[in-house]
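Listed here are the chains, written in short residue letters.
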Amino acid sequence: MPPEIVQWLANHDFGQIITTETLFTSGGCDYARFTLSSGRRIFMKHNRKAPDDMFMAEANGLQALGAIPGVRVPEVLHAGPNFILMEDVGEGDVGARSYFRTAGAMLAAVHSSTADCFGWHENNYCGPTLQINTQMDDGHAFFAEHRLLRLAALAFDEGALNRKIVGQIEKIASKLPELIPVQPPVLLHGDFWHGNVHCAANNETALIDPACYW
């Protein structure tokens, strides 16, 4: 158990850790659930190799999503340089029909939140990958420069894409104004896939692990 987590829990009257349930490891992060002497259960993500700002950026994204009416996220209790502690929202039945309806309604609510420019007030992380969020007035330029071209270059450097495919992505990036109509910035989860939609207790839907930007 990371000593900084034990110390933080003790300093904030959460009680002692009675049981620890190791859940899984993904993307370099260890996931665990604690049961405390106070009776509370807490969920933890921990990564000793994480950049110092990674979990704080995740906490800020959760806060932004949770401020939208109708959107459920785990409450962040504390974020440190290599861990984040959140309420344990429990687990429900992912087969429940209400789960998928609620997930769609939450996503629509997120996308109804608008801003004056594209990007975000800070950089954050999509998985372990640094996500550049320089604020820009031109959405086509933002997505071309900071998403398509940057990620294509990273993938090429790692040997995951060849030069031909990178050239095709560059061609698409140059044609974004022709392919996508002009539209206002809307809030995005930033890393939205089924693994980041959690079925909580009572079959409630919760959004997790965001990498938000407009």
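Scroll up to find the structure.
Residues numbered from 1 in each chain as written. Predicted model: local features only at pLDDT ≥ 70, side-chain atom pairs only at ≥ 80, totals over all residues. Heavy atoms only, no water.

Participant: Outline a nonpolar patch on the surface, supporting the account with residue identities and numerical values.
Facilitator: A cluster of nonpolar residues, Ile172, Leu179 and Ile180, forms a patch on the protein surface that exposes about 270 Å² of accessible area. Relative to the elements of secondary structure, Ile172 occurs in helix H5 (residues 163-174). In this structure Ile172 comes out as partly exposed when scored by relative accessible area, which is 44%. (Patch = residues over 30% accessible without salt bridge, like charges linked within 9 Å, V, L, I, M, F, W, Y side chains within 5 Å. Areas by Shrake-Rupley, 256 points an atom, 1.4 Å probe, with all protein chains shown as cover. Salt bridge = Lys/Arg side-chain N within 4 Å of Asp/Glu carboxyl O. Helix = DSSP H or I, 4+ residues; strand = E, 2+ residues; numbered from the N terminus. Buried < 20%, exposed > 50% of the residue type's maximum accessible area, 1.4 Å probe, protein only.)

Participant: Would you mind going over the sheet that holds strand S3 (residues 41-46) in detail, with residue names and values included?
Facilitator: One open sheet accounts for five strands, arranged S1-S2-S3-S5-S4; its pairing is antiparallel. A single partner strand is all that each edge strand has here, and the edge strands are strand S1 (17-26) and strand S4 (76-80). Strand-to-strand twist across the sheet, computed as the mean angle between neighbouring axes with direction ignored, equals 15°. By the bridge criterion, four bridges tie S4 to strand S5 (residues 83-87) in an arrangement that is antiparallel. Its bridge partner being in S5, Ala79 is matched across the sheet by Ile84. Its contacts with the sheet place helix H1 (residues 3-11) against S1, strand S2 (29-36), S3, S4 and S5, and it is angled at close to 40° to S5. (Pairing = 2+ DSSP bridges. Axes fitted to C-alpha atoms, helices over the stretch in contact; angles between N-to-C directions. Contact = heavy atoms within 4.5 Å.)

Participant: Go over the nonpolar core, please, and point to the residues and values.
Facilitator: Of all hydrophobic cores here, the largest spans 33 residues; its most connected members are Phe55, Leu65, Val71, Ile84, Val110, Leu187 and Leu207. Sorting the residues of this core by element identifies S2, helix H2 (54-66), S5, helix H3 (97-111) and strand S8 (197-199) as the ones contributing at least two each. Ignoring any residue separated from it by four or fewer positions in sequence, one finds Val71 in contact with Leu65, Gly66, Met106, Ala109, Val110 and Leu207. Core analysis: the second largest hydrophobic core is formed by twelve residues, Leu9, Phe14, Leu77 and Leu85 among them. (Core = buried A, V, L, I, M, F, W, Y, C linked by side-chain atoms within 4.5 Å.)

Participant: Describe the pairing of S3, naming the residues involved and giving the relevant values.
Facilitator: Consecutive side chains of a regular strand alternate in pointing toward one face of the sheet and then the other. Counting buried positions along S3 yields five of six residues, so the element is predominantly enclosed. The sheet contact formed by S2 and S3 spans six bridges and is antiparallel. Paired with Thr35 across the two strands is Arg41, which belongs to S3. Counted between consecutive antiparallel strands, the loop separating S2 from S3 contains four residues, among which Gly39 sits at a positive phi close to 95°.

Participant: Break down the side chain of Asn82 for me, with residues and values.
Facilitator: Mapped onto the elements, Asn82 comes out in the loop between S4 and S5. On the basis of relative accessibility, which here comes to 13%, the residue Asn82 falls in the buried class. Here Glu4 takes part through its side chain, which lies 3.4 Å from a polar atom of the side chain of Asn82. Not counting the four nearest positions on each side in its chain, Asn82 is found in contact with Glu4, Lys45, His46, Asn47, Arg48 and Phe55. (Polar contact = N/O pair within 3.5 Å; in protein donor to acceptor, adjacent residues only side chain to side chain.)

Participant: Pulling in residues and values, what's your account of H2?
Facilitator: Taking 1.5 Å of rise per residue, the 13 residues of H2 would be expected to cover 18 Å, and the 18 Å separating its terminal C-alpha atoms lies within 8% of that figure. Taken as a whole, H2 has its buried residues at Met54, Phe55, Ala57, Glu58, Ala59, Gly61, Leu62 and Leu65. (Expected span 1.5 Å × (residues − 1).)

Participant: Just give me the short version of the packing of aromatic side chains, but keep the residues and values in it.
Facilitator: Two aromatic rings are characterised by how far apart their centres lie and by the angle between their planes. Following the criterion strictly, the structure yields five aromatic pairs and no others. Between the aromatic rings of Trp120 and Trp214, the centroid separation amounts to 5.9 Å while the plane-to-plane angle is 40°, which identifies the pairing as tilted. Within this pair, whereas Trp120 is found in the loop between H3 and strand S6 (124-126), its partner Trp214 is found in the segment after strand S9 (205-207), the two being separated by 94 residues in sequence. Note on accessibility: Trp120 and Trp214 belong to one class, buried. In this structure, Arg147 packs its charged tip against the face of Tyr213, placed 4.1 Å from the ring centre. In this structure, Arg163 packs its charged tip against the face of Phe156, placed 4.9 Å from the ring centre. (Phe/Tyr/Trp six-rings, centres within 6.5 Å; stacked < 30°, edge-to-face > 60°. Lys NZ or Arg CZ within 6 Å of the ring centre and 35° of its normal.)

Participant: How would you summarise the packing of helix H4 (residues 139-157) against H5 if you had to cite specific residues and measurements?
Facilitator: Here H4 crosses H5 at 175°, and the two axes come no closer than 10 Å. Judged by the angle between their axes, H4 and H5 are roughly antiparallel. Where H4 abuts H5, its residues Ala144, Leu148, Leu149, Ala152 and Phe156 lie against Arg163, Val166, Ile169, Glu170, Ile172 and Ala173. Class assignment of the residues belonging to the contact of H4 with H5 gives a composition of nine nonpolar, no polar and two charged. (Parallel < 35°, antiparallel > 145°, perpendicular 65-115°, else oblique. Nonpolar A, V, L, I, M, F, W, Y, C, P; charged D, E, K, R; others polar.)

Participant: Residue-level account of unusual backbone geometry, with values.
Facilitator: Positive phi is not limited to glycine here, since Asp13 has a value of about 60°. Relative accessible area serves as the criterion here: at 71%, Asp13 is assigned to the exposed category. In this structure, Asn203 takes a positive phi of about 60° despite not being glycine. With respect to the secondary-structure elements, Asn203 resides in the loop between S8 and S9. On the accessibility criterion, Asn203 (25% relative accessible area) is partly exposed.

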